[in-house]
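# Report on the structure
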Amino acid sequence: MTITDPVAPEALVLWCRADRVLWRRTLGGVVVLPTQRTTEPVALRGPAAMIWELLAEPLRAADLLESLAATYGVGAHEVAADVAGALDLLLELGALCRD
Amino acid sequence: MPGLTAEPLAGVVPALEAVAAYGLVGTRRELPTEPLTEPTWSAFLDAAAGERLVGLLALAILDGAFPATAGQIEAVANLETDVAVVALMLERLLLAVADRFGGAGIDFRVLKGPSVAHVDYPEAALRSFGDLDLLVRGADFAGAVAVLEADGGRRAVPELRRGFDHRFGKGATISMPGRLEVDLHRTFVAGPLGMMIDLDGLFETSTGFVLGDRLLVGLGTEERFLHACVHAALGRPTRLNSLRDIAQMALAGELDLARVYGLADSWRARAVLARAVSLAWTVLDISDSVALSAWAARYRPGPEDRRLLAAYIGGDRSYTRQAIATFRVIPRRRDKVAYARSLLFPERPYLEARNSRRLDHVRRGSTHLRWGIPR
């Protein structure tokens, strides 16, 4: 997985919350609703909610992965695939943007 | 008890009031020390949703202040997600309506829910809401309805009589696609108080808040507080979250009290202000007295105050009693006549929507009048 390699192009991608996203923090995680689309709100739980929280400020993928791994007390390699998948899903939903 | 129509189970009401007061400085309400058991828990959770307290309940659980079993925590988390979904759908609708109103040159203020949630609470999730309340000028009212209808909205009850909305009406409820609802307001409340509020003045101040990447405007700080007071003092029943709004704003230290009293004077709403603050302090059992709560405790309503309150919360509160009280406060004779004519002779679409006939309408009024004109 390339984002575990701090100099790989994917690891250097800057991730941020999309501009027109409405959201609520809840007991179970976070609910997000991109306003530019006609989608339903999506409930983020566990690591997906944590990704949203960490992206209160834009972060490079490698830094995001490192923070998440530290939060859950696991190695970055163990969660890299899940994190990449969650980022892609949130991007597809219109909740995140990448630079 | 606010919001509860049946006899509540023991333990439900104290727990609800404690949740409504959770986090307020000076409250003596105490949360349960053990997880609630069935059937109290189920009744409590239903009532918490009805009183729009799910966000505060979730916070109390998260803080470890409200003991709950794993199953109860999951139930609250699921309920809070449902509540958040509704709020977000309404906020997305608000952004769309703001674009449409902007395009049509209609100035508006966001009332209650989204405005109070984003401005007055540290987390928007703590203040849930079930519809959008928007204030527009009387002159823009018909245009605003037309904009919403062009977006698929449907007005539930037509205008009473041509010209009534922009001169005398409180507002209209518009059902929007997706089972969302917009309450379009010309004033805060029907009846005499609604006629005495300086409506143009409500557009001279504002408080901004950001949704997504867009700046929206709600009422100015003191106007927002007084609106919360009107809602809480005259509500039947008064929801606990309305009382929380009052305490939340009053204890934030942002209110210019001289302005609050001045506006309340000019609206002839001092009794409403006093009742709302006293209710909040009593129900939420706030021990700390602040200048506003001390003033409210000392306030003694005069005859005019009592008549005004009776039009809303009197024992025989009725459409006719409120109409007569409204008639009294309309200043110009010409307007009084127009108001009376509208009430006595509504137009056919209104009657059809209400499923009543012209004479039914008059008869309903005259039945109340036979009991004597309330003073």
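Just so it is clear, the structure is predicted and the values come from calculations on it, not from any experiment.

Turning our eyes to something else, we now look at the environment of proline 58 of chain A. All names here are of chain A. Structurally, the position occupied by proline 58 is in the loop between α2 (46–54) and β5 (59–60). On the basis of neighbour counts, which here come to 15 C-beta atoms within 10 Å, the residue proline 58 falls in the partly exposed class. In sequence terms proline 58 and threonine 39 are 19 residues apart; their C-alpha atoms lie 24 Å from each other. What proline 58 contacts, discounting residues up to four positions off in sequence, is Leu14, Trp15 and Cys16.

Between two packed helices, both the angle of their axes relative to each other and the distance between the axes serve to describe the pair. Residue and element names in this part refer to chain B. Remark: helix α9 (residues 221–234) packs on helix α10 (residues 240–250), axes separated minimally by 9 Å, with the N-to-C direction vectors making an angle of 150 degrees. Comparing the axis directions of α9 and α10 gives the class roughly antiparallel. Of the two possible hands of crossing, α9 and α10 adopt the one that is left-handed. Each of Phe225, Ala228, Cys229, His231 and Ala232 in α9 lies in contact with α10, whose residues at this interface are Ser242, Leu243, Asp245, Ile246 and Met249. Partitioned by chemical class, the residues of the contact of α9 with α10 number seven nonpolar, two polar and one charged.

Residues and elements named next belong to chain B. Of note, the bond from glutamate 38 into proline 39 is cis; its omega dihedral lies within 30 degrees of zero at 5 degrees. Structurally, proline 39 can be placed in the loop between α1 (12–20) and α2 (40–50). Backbone geometry places arginine 52, a non-glycine residue, at a positive phi of 55 degrees. Along the chain, arginine 52 turns up in the loop between α2 and α3 (54–62). In this structure, arginine 268 takes a positive phi of about 55 degrees despite not being glycine. Relative to the elements of secondary structure, arginine 268 occurs in the loop between α11 (257–266) and α12 (270–283).

Conventions used here
- Throughout, residues of each chain are indexed from 1 in the direction in which the sequence is written.
- Chains and ligands are labelled by the order in which they are written, letters from A for the one and numbers from 1 for the other.
- Confidence filtering applies because this is a predicted model: local features only for residues at pLDDT of at least 70, side-chain atom pairs given and counted only at 80 or more, and all residues used for totals across whole chains, interfaces and linings.
- Starting at the N terminus, helices and strands are each numbered in turn, a helix being any DSSP run of H or I of at least four residues and a strand any DSSP run of E of at least two.
- Once C-beta atoms are placed from the backbone, each residue is buried if 20 or more other C-beta atoms lie within 10 Å of its own, exposed if 12 or fewer, and partly exposed for counts between those two.
- Contact definition: two residues whose C-beta atoms, as placed from backbone geometry, lie within 7 Å.
- Axis definition: a line fitted to C-alpha atoms, over the contacting stretch in the case of helices. Angles run 0 to 180 degrees between N-to-C directions.
- Roughly parallel here means an angle under 35 degrees, roughly antiparallel means over 145, roughly perpendicular means 65 to 115, and every remaining angle is called oblique.
- Each crossing gets its hand from how the near helix is turned against the far one by less than a right angle, where anticlockwise is left-handed and clockwise is right-handed.
- Any residue outside Ala, Val, Leu, Ile, Met, Phe, Trp, Tyr, Cys, Pro, Asp, Glu, Lys and Arg is labelled polar, Gly included; the first ten of those are nonpolar and the last four are charged.

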